[in-house]
Amino acid sequence: RKGVFPGRWLFGILLWVYDRIARVKSSGYCDAQESRRRFDGLGGDDLKGACYYTDGITDDSRLVMRVLQESLEQGGNALNYVKVDQLLLENGELQGVSLVDQAGDSAPIELRAPVVINATGAWADKLRNDVNSEIRVRPLRGSHLVIPRERLPVDGVYSFFHPSDKRSIFVFPWEGATAIGTTDLDHSGDIDEEACITQEEVVYLLDGVNSQCPEKHISRADVISTWSGVRPGIGSERSRHPSRERRDHAVWSDQGLVTVSGGKLTTFRLIALDALAAAKSRLPEPRQTGEDRIFSKPEVDPGRLVPGDPSWGRRLLGRYGDAARALLAAAPEEEHRRIEGTDFCLAECRWAIQQEATVHLDDLMLRRTRVGLLLPAGGEQLFPSLSPMFRELAQWSDEHWQREVERYRGILQRYYSLPDSAS
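Residues numbered from 1 in each chain as written. Predicted model: local features only at pLDDT ≥ 70, side-chain atom pairs only at ≥ 80, totals over all residues. Heavy atoms only, no water.

**Thoughts on the pairing of strand 7 (residues 137–147)**
The side chains of a regular strand alternate between the sheet's two faces. Where we set the bar: Whether a residue is buried, partly exposed or exposed follows from its accessible area with a 1.4 Å probe, protein chains only, as a fraction of its type maximum: under 20%, in between, or over 50%, in that order. Counting from the N terminus, the helices are DSSP H or I runs at least four residues long and the strands are E runs at least two residues long. Two strands pair if DSSP finds at least two bridges between them.
The buried fraction of strand 7 is high, at eleven of eleven residues. Side-chain alternation along strand 7 places V137, P139, R141, S143, L145 and I147 on one buried face and R138, L140, G142, H144 and V146 on a second face that is also buried. Where strand 7 meets strand 12 (residues 225–234), ten bridges bridge the pair, whose relative direction is antiparallel. For R141, the partnering residue across the bridge sits in strand 12 and is V230. As judged from the two bridges shared by strand 7 and strand 11 (residues 185–186), these two strands associate in the antiparallel manner.

What follows is the structure in C-alpha cells.
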C-alpha cells in the first residue's frame, strides 16, 4: 500500500537475496488487480500491489506425531501424559529424573541416565532452575482466529502490517478453513494452564483483517474457533517488545542437564543436533543404525494410495509416511471419505485411537486431528461415529465416554472459543 514500509523495491531486494541463497527463483510482484484476484476482498484505493514468494506450511502437531512415529520405528521409546516430577541429584551431579504418570495412579518412576536433555520449550527454565537459577526464557503468547473459508477464501498466505503497531499479521489457508494470526504478547498466566485468546487479541486480529478487507466485515460471528500457543523467547529484556525478542535457539549445559529452548519449527533438526552435541561428552559412542529415515520419501505412490485423488494421497503420505497405507487398510471403506468441511477422514480417527496414544477425546479432536477446530460445536456431529470406535478400540464404557464428552466441552469452551465479550 502507498507509504507502507519497506515498500515494493526494498522488499523485492530482500526476496532477491533469498532467491540467490536458495538458488531458486520463487519471488515476484503482483499489481493491485492481480492481488485482488488472488485474495478476494482485498480492498482500499491505496493498494499498489504485493510482493510474493514461495514457502511451506505445516501442521505442528502432526509434525511431532510423524517424528515420534518414525523414531519409534528406529528403536526409540515415547511416553504420553508423563511428567518429570523432579531431577535426581547426587553430589551436585544429575543422575536422572523422577517421572509421574498423569493419566494413571502408579507410583513415581525413577529413570537413571548419564545426561538428561530438557527440551520443554517455554517450560525450560522451570526445570533448569533446579540446578541453575538463571531466567533465560520469556514465554510469549500467540493467538489465532479460525473462520470459514467461504467468508475469506485464500489459496496462499497473505501478510500485512497491522495499522496499530506495524506488526506482521497473516491470513492463510488452514486445513480447509482460513486462519488469522498471530499476536505476540508476554504470557503472564500460569504456564501449566493451557493458553487462550483474550478479548483484546480478538479485537486486534479483527481490526487488522478488516483494515485490509473492509468489504468482508469479518466479525466475531464468523469465528468457528480460536487457538493460542506459547513460544519461548530467549532473553529476559522485558523492556524489549515481544516481537523483537530473539528467535534463534540456545543450549545450556548444567551438571548433566542439557537445556535447549527457542528456535523455530523449521530448524528442529539443527536444534536437536546442537542439543546432542552438548550431551556428547556424557554419552557412549552411538550405535551405527544406518541411513537416517526420519522423513524419508514414502515408498507408496499417492495415486495408488487414493485412486482418483492423488492430492489427498500426497496429504496422507506427508502426514503419516508409509503408515498411510496401513491406516487406510485398517478402516472400512466408508471411513476413507473426507469428513465434510475438512480434509480429515474417520480412518484417521480410528488410527489415532489404535496407534497414537490417544488418552482423551480432546487428544483426538484437537491434536491428532483438527476436526474440533474446523466444525461447528467442536465437531459433535461426529460423536455418533466416534463413540462406538472408542468403545471398541479403547474399551471405554458408556460412563467413560460421557465423562470424556464433558471434559472435551469444558476444554473447548475455556481454551478454544471466543472469550465473553463483556470480560
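**Comments concerning the sheet that holds strand 4 (residues 93–101)**
For clarity, the threshold we go by: Axis geometry follows a simple rule: fit a line to the C-alpha atoms, using only the stretch in contact for helices, then measure angles between N-to-C directions, giving values from 0 to 180 degrees.
Strand order across the open sheet formed by three strands is 3-4-5, with antiparallel pairing between neighbours. Taken across any chain shown, the strands that pair with only one partner, and hence form the sheet edges, are strand 3 (82–90) and strand 5 (109–112). The sheet shows a mean angle of 30 degrees between the axes of neighbouring strands, taken without regard to direction. With four bridges joining them, strand 4 and strand 5 adopt antiparallel strand pairing. Residue pairing in the sheet places S98 in a bridge with E110 of strand 5.

**Points about the layout of surface pockets**
Rules: Detection works on a 1 Å grid of protein atoms alone, calling trapped sets that fit a 1.4 Å probe cavities and calling open sets with protein on both sides within 12 Å along at least five of seven lines pockets, with lining residues defined by an atom within 4 Å of a point. Grid points are joined across faces, edges and corners, and a volume is the space filled by probe spheres set on the points.
In this structure, the second largest pocket spans a volume of roughly 450 Å³. Lining the second largest pocket are 17 residues, and of these I57, T58, D59, E175 and R315 sit closest to its centre. Contributions of two or more residues to the lining of the second largest pocket are made by helix 3 (60–73), strand 9 (168–174) and helix 8 (310–320).

**A few points about helix 6 (residues 268–279)**
Stated precisely, the cut-off is as follows: Residue count minus one, scaled by 1.5 Å, sets the expected span of a helix. The directions considered for the arc run from the helix axis to the C-beta atoms. Any two residues whose heavy atoms approach within 4.5 Å at even a single point are treated as in contact.
Taking 1.5 Å of rise per residue, twelve residues should cover 16 Å, and helix 6 covers 17 Å from first to last C-alpha, within 8% of that figure. Residues of helix 6 that are buried: I271, A275 and A279. Along the axis of helix 6, the buried residues cluster in a sector spanning 75 degrees; they form a single face. Looking at helix 6, the residues exposed on the side facing more than 90 degrees away from the buried face are L273 and A277. On the buried face of helix 6, the contacting elements are strand 6 (116–118), strand 13 (249–254) and strand 14 (257–262).

**Focus: the packing of helix 10 (residues 346–355) against helix 13 (residues 383–393)**
Under the convention used in this document: When an angle is under 35 degrees it counts as roughly parallel; over 145 it counts as roughly antiparallel; between 65 and 115 it counts as roughly perpendicular; any other value is oblique. Crossings are classed by handedness, with left-handed meaning an anticlockwise turn of the near helix from the far one by less than a right angle and right-handed meaning a clockwise turn. Three classes are used, and their members are as follows: Ala, Val, Leu, Ile, Met, Phe, Trp, Tyr, Cys and Pro are nonpolar, Asp, Glu, Lys and Arg are charged, and the others, Gly among them, are polar.
Running from N to C, helix 10 and helix 13 point in directions that differ by 30 degrees, and their axes come no closer than 10 Å. For the element pair helix 10 / helix 13, the angle class is roughly parallel. The chirality of how helix 10 crosses helix 13 is right-handed. Along its contact with helix 10, which presents L346, C349, R350, I353 and Q354, the element helix 13 presents S385, L386, M389, F390, E392 and L393. Class assignment for the residues of the contact of helix 10 with helix 13 results in seven nonpolar, two polar and two charged.

**Brief notes about empty space enclosed by the protein**
Summed over all chains, the structure comprises one cavity of 30 Å³ or more. Roughly 40 Å³ of internal volume is contained in the largest cavity. If you trace the largest cavity, you find it lined by F39, D40, L42, L152, V154, Y158, V171 and C213. Residues belonging to the lining of the largest cavity are distributed by class as follows: seven nonpolar, no polar and one charged.

**Regarding the sheet that holds strand 13**
Pairing between sheet strands relies on hydrogen bonds along the backbone, with the strands arranged either parallel or antiparallel. Strand order in the open sheet made by the three strands is 6-14-13, with mixed pairing throughout. Each having just a single partner strand, strand 6 and strand 13 make up the two edges of the open sheet. Geometrically, the sheet is characterised by an average inter-axis angle of 20 degrees between neighbouring strands, direction not taken into account. Of the pairings in the sheet, the one linking strand 13 to strand 14 comprises six bridges and is antiparallel in character. Bridging from a neighbouring strand, D254 pairs with L257 of strand 14.

**Remarks on the packing of aromatic side chains**
Heads up, the rule is: Here the aromatic set is Phe, Tyr and Trp, taking the six-membered ring for Trp, and pairing holds for ring centres within 6.5 Å; pairs whose planes are under 30 degrees apart are stacked, those over 60 apart are edge-to-face, and all others are tilted. Ring-over charges, as used throughout, are those where CZ of Arg or NZ of Lys falls within 6 Å of the ring centre and within 35 degrees of the ring normal.
Inspection of the entire model under this criterion finds eight aromatic pairs. For the pair F383 and W401, a centre-to-centre distance of 5.4 Å together with 85 degrees between the ring planes defines the contact as edge-to-face. In this pair, F383 is assigned in helix 13 and W401 in helix 14 (residues 398–415), connecting sequence segments 18 residues apart. Assigned by exposure class, F383 and W401 land together as buried. An aromatic cluster is present here, built from F383, F390, W396, W401 and Y408 joined pairwise through their rings. Taking the ring centre of F344 as reference, the NZ or CZ of R315 above it sits at 4.8 Å.

**Notes on a nonpolar patch on the surface**
Selection criterion: Nonpolar side chains (Val, Leu, Ile, Met, Phe, Trp, Tyr) are joined into patches within 5 Å and like charges within 9 Å, using only residues with over 30% relative accessible area and no salt bridge. Shrake-Rupley sampling with a 1.4 Å probe provides the accessible areas, and residues are treated as covered by the protein chains on show and by no other component. We define a salt bridge as a side-chain nitrogen of Lys or Arg found within 4 Å of a carboxyl oxygen belonging to Asp or Glu.
Side chains of L10, I13, L14, W16, V17, Y18 and I21 sit close together on the surface and give an oily, nonpolar patch of about 750 Å² of accessible area. For L14, the position within the fold is in helix 1 (residues 7–22). L14 gets classed as partly exposed once you look at its relative accessible area, which sits at 43%.

**As for helix 5 (residues 199–212)**
Taking 1.5 Å of rise per residue, 14 residues should cover 20 Å, and helix 5 covers 21 Å from first to last C-alpha, within 8% of that figure. For helix 5, the complete set of buried residues consists of Q199, E201, V202, Y204, L205, L206, G208, V209 and Q212.

**Let's talk about the pairing of strand 8 (residues 158–161)**
Going residue by residue along strand 8, you find Y158 and F160 tucked away on one face and S159 and F161 left uncovered on the opposite face. Where strand 8 meets strand 9, four bridges bridge the pair, whose relative direction is antiparallel. Each residue of the ladder has a partner; that of F160, found in strand 9, is I169. As consecutive antiparallel partners, strand 8 and strand 9 are separated by six residues, and within that stretch K166 has a phi angle of approximately 65 degrees, a positive value.

**Thoughts on the packing of helix 11 (residues 361–368) against helix 14**
Viewed as axis vectors pointing N to C, helix 11 and helix 14 meet at an angle of 40 degrees, and their least axial separation amounts to 8 Å. One element, helix 11, and the other, helix 14, form an angle in the oblique class. Counting all contacts with helix 11, which are made through L361, D362, M365 and L366, the residues of helix 14 involved are W401, E404, V405, R407, Y408, I411 and L412. Taken together, the residues that form the contact of helix 11 with helix 14 break down as eight nonpolar, no polar and three charged.

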